[in-house]
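# Fold and geometry: a report
Below are the chains, spelled out letter by letter.
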There are 4 protein chains.
Amino acid sequence: MYFASDNTSGMPERIIDAIARANAGYAPGYGTDPLMAEVRAQIRTFFEAPEAEVFLVTTGSAANALALASYCPPWGAVYCHALAHIEVDECGAPEFYTGGAKLTHVAGENGKMAPDALRDTLARAGRGVVHNVQPGILSLTNLTECGTRYTPDEIAAVSAIAKAHGLPVHLDGARFANALAAEGCSPAEMSWRASVDVLSLGGTKNGLMGVEAVVMFDPARAWEFQLRRKRGGHLWSKHRYLSAQMAAWLQDGLWLELATQANAMAAMLEAGLAGRAELLFPRGGNMLFARWPRATHQQMQQAGAQYFLWPDTETLDGPDDAPVSARMVCSWNTTDAQVEQFLGLMAG
Amino acid sequence: MYFASDNTSGMPERIIDAIARANAGYAPGYGTDPLMAEVRAQIRTFFEAPEAEVFLVTTGSAANALALASYCPPWGAVYCHALAHIEVDECGAPEFYTGGAKLTHVAGENGKMAPDALRDTLARAGRGVVHNVQPGILSLTNLTECGTRYTPDEIAAVSAIAKAHGLPVHLDGARFANALAAEGCSPAEMSWRASVDVLSLGGTKNGLMGVEAVVMFDPARAWEFQLRRKRGGHLWSKHRYLSAQMAAWLQDGLWLELATQANAMAAMLEAGLAGRAELLFPRGGNMLFARWPRATHQQMQQAGAQYFLWPDTETLDGPDDAPVSARMVCSWNTTDAQVEQFLGLMAG
Amino acid sequence: MYFASDNTSGMPERIIDAIARANAGYAPGYGTDPLMAEVRAQIRTFFEAPEAEVFLVTTGSAANALALASYCPPWGAVYCHALAHIEVDECGAPEFYTGGAKLTHVAGENGKMAPDALRDTLARAGRGVVHNVQPGILSLTNLTECGTRYTPDEIAAVSAIAKAHGLPVHLDGARFANALAAEGCSPAEMSWRASVDVLSLGGTKNGLMGVEAVVMFDPARAWEFQLRRKRGGHLWSKHRYLSAQMAAWLQDGLWLELATQANAMAAMLEAGLAGRAELLFPRGGNMLFARWPRATHQQMQQAGAQYFLWPDTETLDGPDDAPVSARMVCSWNTTDAQVEQFLGLMAG
Amino acid sequence: MYFASDNTSGMPERIIDAIARANAGYAPGYGTDPLMAEVRAQIRTFFEAPEAEVFLVTTGSAANALALASYCPPWGAVYCHALAHIEVDECGAPEFYTGGAKLTHVAGENGKMAPDALRDTLARAGRGVVHNVQPGILSLTNLTECGTRYTPDEIAAVSAIAKAHGLPVHLDGARFANALAAEGCSPAEMSWRASVDVLSLGGTKNGLMGVEAVVMFDPARAWEFQLRRKRGGHLWSKHRYLSAQMAAWLQDGLWLELATQANAMAAMLEAGLAGRAELLFPRGGNMLFARWPRATHQQMQQAGAQYFLWPDTETLDGPDDAPVSARMVCSWNTTDAQVEQFLGLMAG
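These numbers were taken from a predicted model, which means no experiment stands behind them.

What follows concerns the pattern of salt bridges. By the definition in use, this model includes 53 salt bridges over all chains. With its nearest N and O atoms 3.9 Å apart, the salt bridge here joins Glu257 of chain A to Arg14 of chain A. Of this pair, Glu257 of chain A sits in helix α11 (residues 254–273) while Arg14 of chain A sits in helix α1 (residues 13–22), and the two are 243 residues apart along the sequence. Close ionic contact of Arg40 of chain D with Glu53 of chain D constitutes a salt bridge, the shortest N to O distance being 4.0 Å. Here the residue Arg40 of chain D occupies a position in helix α2 (residues 34–46), and Glu53 of chain D occupies one in strand β1 (residues 53–57), the gap between them amounting to 13 residues.

Okay, structure coming up:
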């Protein structure tokens, strides 16, 4: 499953070790463990946000849905791209957690929301009209589902439109570390300085077992979030194991180191594919999309290449002359050799 | 936190090792990993239930709420004891997941539901009356929140009443292993042979990091369960880590071995307390409740004793002459020395 | 159906006339009709509450559930009597509208909540403990389901306890007019002066076709209420027909006149039953509960007497020697002759 | 408000009379009134559907949302046109009642779903993929929100695609009578013979005070529907008033007579506008959309013309040179004189 997804890879040694260390002895549960205090301090420092509240959950869907529900009422519209993970890949988790909010698509190329599209959508949103769902929250994703990247300025530009309408801003950062590593900016620049109120900071796709941090730069809803987390069954009793992973991941820049390696491997793959396949979107980090003939696809699959078609509803059953779109994702532990092997399969 | 809860303890070596082993290489996600097939086979074998479906989640609240929601409609009544975990300690997770079902108390001593009380409650339940919520599901707990234990015959007796009304039966088995080890019966006898349709089989309180299996003896709702799990944000991408733990826990009887040790320590504690404190409920496994003077409590706390008061809303603030009720829980790794030390504090 | 319920009776002439008058011509919809402005003004005047917001719906369940949902979060506890309509007779409407709040019983005789019981319940409520649902709202009913009545002082006493815990107070006033007429106090005294924040003011059981006013003395949640009403499908397009009825009902004291007649008939019935049947609760208005032998019941039913047994799950199928409890409700149009006829059946 | 909406008009004499007649005496409540039996029989006869179940509610949003919730699970997709009332004008009622289903747009001109678009959408729907919401139900509207009309064959064509994927079909018939009168087919042809499983049959826009029938051609979900209706606060205690209206409306073809008149007035208006304004959609019944200069609009409004702009988020605030789109709706009581007066305003 080398290039199928960054969640098919495992954990680096430092994370495993952190789990083993945390296993010693007894610890208080439910987020009151000492390691969680450490995580909170790390996040506050790295994000230059001394007031931020931080909570851990174990899946990106939980992080996103709980974050959205804490800021958007049941009758709210969640503005997102049509390709957003919250819209496509969470089986309605946002609707479930919010109590029935409506995900409203905002157009834009390459998986990124176009400011004008958001402006138009909000202008027609019917605020104050009781028949319409009311503007609720803006949700962006970085890296996007197309593997592209918003710059901090781009996030700020879209967020400013939401803010002008009084909306909070959520950032789905399942691949925030990859975006950050690629962009080379500070965590603050890519979050609260760009008007993000709540961030799903993903660790799972970048080396953790299943840990995501929800960072609330505005802590006013922190208690509500905690109740929602518990009620959603997402408050771990043996919470120390989540804290331990997150603490080790943040320690000494490990998270960015892992992301940098994944990004580099995607760059290598991109270079190797150049001229041999049509690349679909500008690469923003560790994901790559390319189109090639169905026959090539079939041959590569038979030879053991591991990647998903995209969109995920596409299958091998299409007409022979229809090209397919392949999604390739590199992980923190993808190696040069794996990339070379893949390119070799491509060459046939 | 020696006696505070069985979830303050860590994982035994064999579980940690299993995680480390599972860490190697790439694995397909979302429950399609090979280890999950192994877990399914183990459960089917141990429970003598070749058709059973098995799903893993990471908290008991998730296991219970998802199980209940898969069998009880939003307008259903969930019949449970007033002290049940689903009623008291899950911040309304069952209401959230079911879409608003009503938890209806059925009385009984020592945390166990009395058959007559259930019979009476169901007789007055208003089935077919549109104004009333409709009978939905029976939910039992074994071990109970009082640390007592249902025998298989007792489960069967209560379940039979539910079945006579056409209701499915859920068993919250957060401490199922402890109950099983204490009872010495087979898993099947304490579950589907006693008419249990869906079991929350808890691993977390008995040595796992955070893994619970939902065992559906009637697999008709399995697909619905999976959608609810995903939608609840409880489907792990790196699912292999859950499977690995559960597989190792079930392997070579480890789960019963751990539970047996916890039970034995509680028995030792019980013997030591006999004659020195009023024991509140017949001990069923690894939990013990005792009442002693508030002064004793204060002195023990100062000396470092670690246990919770019960109910959990009781505090140190009461009148001095009011005795307190202490809840003591032993873990798989509780030692003779810890029990002796605790009894020593008691002796003062 | 003379004594079955006050909702088996029709509308007085003045209400029918008001509907016919409102039928003329065209009118703007969805609550923006001029008659609604009149209703709002009437309520504000009668309740001496110039800031109050008023909204109309067509059922008591909708009024209660929408009112509760506007003040109580999904993880909140709704404190109510075990016999409350919201608990027993609305098929879980409060749970549905709140998104899964938990109705928590507070004991008390004769369908009235005992202040001490509320105090104790709140003391053990686990506020701030993430595992427990959080105190949400107090919901009282006047007249109660037992036909008894809270005095304004009694409401104030219970409400004060809720207020001391920061809770809002809801009053289910399906028979508020009957309570008011019996008590002889002002609307303000029985509502906001006794710390009620939101009132379900019932018209349906007292002469309207199906109109209930939700009166929000604290208008901060008014917009949220309107969105919830629309979302619940309870915002009428031809709203003028609701406004017209409510305006006519409030006009010239009609509502109290109708309630007074119903109360008087219940008093007459009570006097007639005295010494011939065991009366169960102190009569507060237009409802009466009495116990008599099953044989008497069967004979009366055969002779055409129309009343319900209570609780509503009781049936004719019980053992012959078990007495039954009859619930008799008088309406605005109950007549002396009907009462006499009923007493005649009783006499056999 | 002559042309603002068909819900700004009142009730014809025969409906008022029916209400007055129903007012006499006592009647059992909650849908058990004798008039409801009559309504059921009428619907079954007119729709040639002897097994159909019929339930009354008072708003179209309630009818639609309850119907959808009875057939579509919380994780289901509701396929509808982007302009559908359930998507645009019900403040998320479908999401609320279903527990968070996702409304998925299917494209098509003139407010009508294109079969190919539905086919494509369903092909990409991810059935069986746990990450995606699952195909739930098809919801059509006739007349559409654009005032256009599906023929029975067109409904059948789209429904057949849904059926091929195992989906139930809902028809929002807020203006079903108008569609039926215009089409001249039988009720069965425009509903179950075209594979419609559940119909929202609207009376409110066609002469009733606020009554909609939900007709379930497949009665398997009838009891669930009733519980959902009660739980939604939509079960009237004095139900006879709803039955009486619906019975009178169906009696002697009144419903079609009223619809025919509304349609005729729209035809007259259409003829008058021809050549003077750009008509936007083919007229299917009693609604008409036309575009004219903003200056014309302003002048007509000042002269007292009453219609809404469309979409309803458009306002007078746009640039002067941007034309506006006017929506004009005729009612059962629209007169020739009113049409002529309106056309006169147009002429300026």
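Further notes follow.
Overlaying chain A on chain B yields an RMSD of 0.0 Å, the required transformation being a rotation through 180° with an accompanying axial translation of 0.0 Å. Here the two chains are linked by the operation of a two-fold rotation axis. Rotation axis and chain A: the residue whose C-alpha lies nearest the axis is Gly232 of chain A, separated from it by 3.5 Å. An overlap of 100% is found between the interface residues of chain A and their copies at the interface of chain B, pointing to a shared contact surface.

This paragraph deals with the interface of chain C and chain A. Interfaces are often described in size by the accessible area the parts lose on coming together. The partner chain A presents 20 residues to the 20 residues of chain C that form the contact. Regarding the contact of chain C and chain A, the summed buried area is about 1,700 Å², with carbon and sulfur atoms giving 71% of it. Sorting the residues of chain C by area buried against chain A places Trp75, Val130 and Arg231 of chain C first, and these three jointly supply 41% of that buried surface. Connecting chain C to chain A are zero salt bridges. For the side of chain C that touches chain A, the leading source of residues is helix α9 (residues 222–231) of chain C, giving seven residues. For the side of chain C that touches chain A, the residue count by class is nine nonpolar, seven polar and four charged.

Looking now at the relation of the copies chain C and chain A. Here the two chain copies are tied together by a rotation about an axis and a shift along that axis. Mapping chain C onto chain A calls for a rotation angle of 180° and an axial translation of 0.0 Å; the resulting RMSD is 0.0 Å. A high fraction, 100%, of the interface residues of chain C reappear at the interface in chain A, so the copies pair face to face through one surface.

This part is about the sheet that holds strand β4 (residues 134–141) of chain C. Residue and element names in this part refer to chain C. The mixed open sheet is built from seven strands, whose spatial order is β1-β7-β6-β5-β4-β2-β3. Each end of this open sheet is capped by a strand with a single partner; those strands are β1 (53–57) and β3 (102–105). Adjacent strand axes in the sheet meet at a mean angle of 25° when their direction is disregarded. Looking at chain direction, β4 and strand β5 (residues 169–173) are connected through four bridges and run parallel. Among the inter-strand pairings, Thr141 is bridged to a residue of β5, identified as Asp172. In this fold helix α7 (residues 152–164) packs onto β4 and β5, with an angle of close to 170° to the strand it touches most, β4. Relative to the sheet, α9 contacts β1 and β7 (212–216), its axis offset from that of β1 by approximately 10°.

Both the distance between ring centres and the angle between the ring planes are used here to describe each pair of aromatic rings. Residues and elements named next belong to chain A. Per the stated rule, a full pass over the model turns up 57 aromatic pairs over all chains. Arranged with centres 5.2 Å apart and planes meeting at 70°, the rings of Phe96 and Tyr97 form a pair that is edge-to-face. In terms of burial, Phe96 and Tyr97 fall into one category: buried. Every member of this aromatic cluster is reached through a ring pair, and the members are Phe3, Trp292, Tyr307 and Phe342.

The next subject is the interface of chain A and chain B. In this complex, chain A contributes 50 residues to the contact, which on the side of chain B involves 50 residues. Both faces combined, the contact of chain A with chain B buries some 4,100 Å², and carbon together with sulfur accounts for 57% of it. Where chain A meets chain B, there are zero salt bridges. Summed over the shared surface of chain A and chain B, the result is 40 residue pairs in polar contact (both at pLDDT 80 or more). Of all elements in the fold, only α1, α3 (60–71), α5 (93–98), α9 (222–231) and α10 (240–250) of chain A reach the threshold of two or more residues within the side of chain A that touches chain B. With four residues, α5 of chain A is the single largest residue contributor to the side of chain A that touches chain B. A class-by-class count of the residues in the side of chain A that touches chain B yields 21 nonpolar, 21 polar and eight charged.

Turning our attention to the UniProt feature "domain: Aromatic amino acid beta-eliminating lyase/threonine aldolase" (unreviewed entry) in chain A. Taking the numbering used here, the UniProt-annotated feature "domain: Aromatic amino acid beta-eliminating lyase/threonine aldolase" (unreviewed entry) corresponds to residues 3–273 of chain A. Along residues 3–273 of chain A the backbone is 43% helical and 14% strand, and the end-to-end C-alpha distance reaches 14 Å.

So, about the domain arrangement of chain A. Residue and element names in this part refer to chain A. When cut into domains, chain A gives domain 1 (11–253) and domain 2 (255–347). A separation of 27 Å is found between the C-alpha centroids of domain 1 and domain 2. Taken together, the contact pairs 29 residues of domain 1 with 22 residues of domain 2. In total, domain 1 and domain 2 occlude about 2,000 Å² of area from one another, counting both sides; carbon and sulfur atoms represent 59% of this. Between domain 1 and domain 2 we count nine residue pairs in polar contact (both at pLDDT 80 or more) in total. Broken down by secondary-structure element, the contributors of at least two residues to the side of domain 1 that touches domain 2 are α8 (176–183) and α10. Broken down by element, the side of domain 1 that touches domain 2 gets its largest block of residues, six residues, from α8. Residue composition of the side of domain 1 that touches domain 2, grouped by class: 16 nonpolar, eight polar and five charged.

The buried count for helix α9 (residues 222–231) of chain D comes to seven of ten residues, which makes it a mostly enclosed element. Among all positions of α9 of chain D, only Ala222, Phe225, Leu227, Arg228, Arg229, Lys230 and Arg231 of chain D are buried.

Moving on: the sheet that holds strand β9 (residues 287–292) of chain A. Residues and elements named next belong to chain A. Strand order in the open sheet made by the four strands is β8-β9-β11-β10, with antiparallel pairing throughout. One side of each edge strand has no neighbouring strand; the edge strands of this open sheet are β8 (278–279) and β10 (308–309). Bridge count between β8 and β9: two bridges; the pairing is antiparallel. From the neighbouring strand, Glu278 faces β9, where its bridge partner is Arg291. Running over the sheet, α11 touches β8, β9 and β11 (324–329) and is turned about 20° from β9.

Turning next to empty space enclosed by the protein. In total, this model carries eleven cavities of 30 Å³ or more according to the counting rule given. In this model, the largest cavity occupies a volume close to 280 Å³. Lining the largest cavity are 26 residues, with Thr59, Gly60, Ser61, His85 and Lys205 of chain D positioned closest to its centre. Taken together, the residues that form the lining of the largest cavity break down as six nonpolar, twelve polar and eight charged. In this model, the second largest cavity occupies a volume close to 230 Å³. With three residues, the top contributor of residues to the lining of the second largest cavity is helix α3 (residues 60–71) of chain C.

This next bit is on the side chain of Arg175 of chain D. All names here are of chain D. For Arg175, the location among the structural elements is in the loop between β5 (169–173) and α8 (176–183). Looking at Arg175, the relative accessible area reads 4%, which means it is buried. Sequence-distant contacts of Arg175, defined by excluding residues within four places in its chain, comprise Ser5, Asp6, Asn142, Leu143, Lys205, Asn286, Met287, Arg327 and Val329.

With that settled, consider the packing of α11 of chain A against helix α13 (residues 336–347) of chain A. All names here are of chain A. Relative to each other, α11 and α13 sit at 25°, their axes nearing to 10 Å. Taken together, the axes of α11 and α13 lie roughly parallel to each other. For α11 against α13, the interelement crossing comes out right-handed. Along the contact surface, α11 presents Met265, Met268, Leu269, Gly272 and Leu273, while α13 presents Asp336, Val339, Glu340, Phe342, Leu343 and Met346. Across the contact of α11 with α13, the residue classes break down as eight nonpolar, one polar and two charged.

Cut-offs used in this document
- Residues numbered from 1 in each chain as written.
- Chains lettered and ligands numbered in written order.
- Predicted model: local features only at pLDDT ≥ 70, side-chain atom pairs only at ≥ 80, totals over all residues.
- Heavy atoms only, no water.
- Salt bridge = Lys/Arg side-chain N within 4 Å of Asp/Glu carboxyl O.
- Helix = DSSP H or I, 4+ residues; strand = E, 2+ residues; numbered from the N terminus.
- Least-squares fit on C-alpha atoms with pLDDT ≥ 70 in both.
- Contact = heavy atoms within 4.5 Å.
- Buried area = accessible area lost by both parts, 1.4 Å probe.
- Nonpolar A, V, L, I, M, F, W, Y, C, P; charged D, E, K, R; others polar.
- Pairing = 2+ DSSP bridges.
- Axes fitted to C-alpha atoms, helices over the stretch in contact; angles between N-to-C directions.
- Phe/Tyr/Trp six-rings, centres within 6.5 Å; stacked < 30°, edge-to-face > 60°.
- Buried < 20%, exposed > 50% of the residue type's maximum accessible area, 1.4 Å probe, protein only.
- Polar contact = N/O pair within 3.5 Å; in protein donor to acceptor, adjacent residues only side chain to side chain.
- UniProt positions renumbered as here; feature names shortened; annotations may be inferred.
- Domains from an automatic or database assignment.
- 1 Å grid on protein atoms, 1.4 Å probe; cavity = no way out; pocket = protein on both sides within 12 Å on 5 of 7 lines; lining within 4 Å.
- Points joined across faces, edges and corners; volume = space filled by probe spheres on them.
- Parallel < 35°, antiparallel > 145°, perpendicular 65-115°, else oblique.
- Left-handed = near helix turned anticlockwise from the far one by under 90°.

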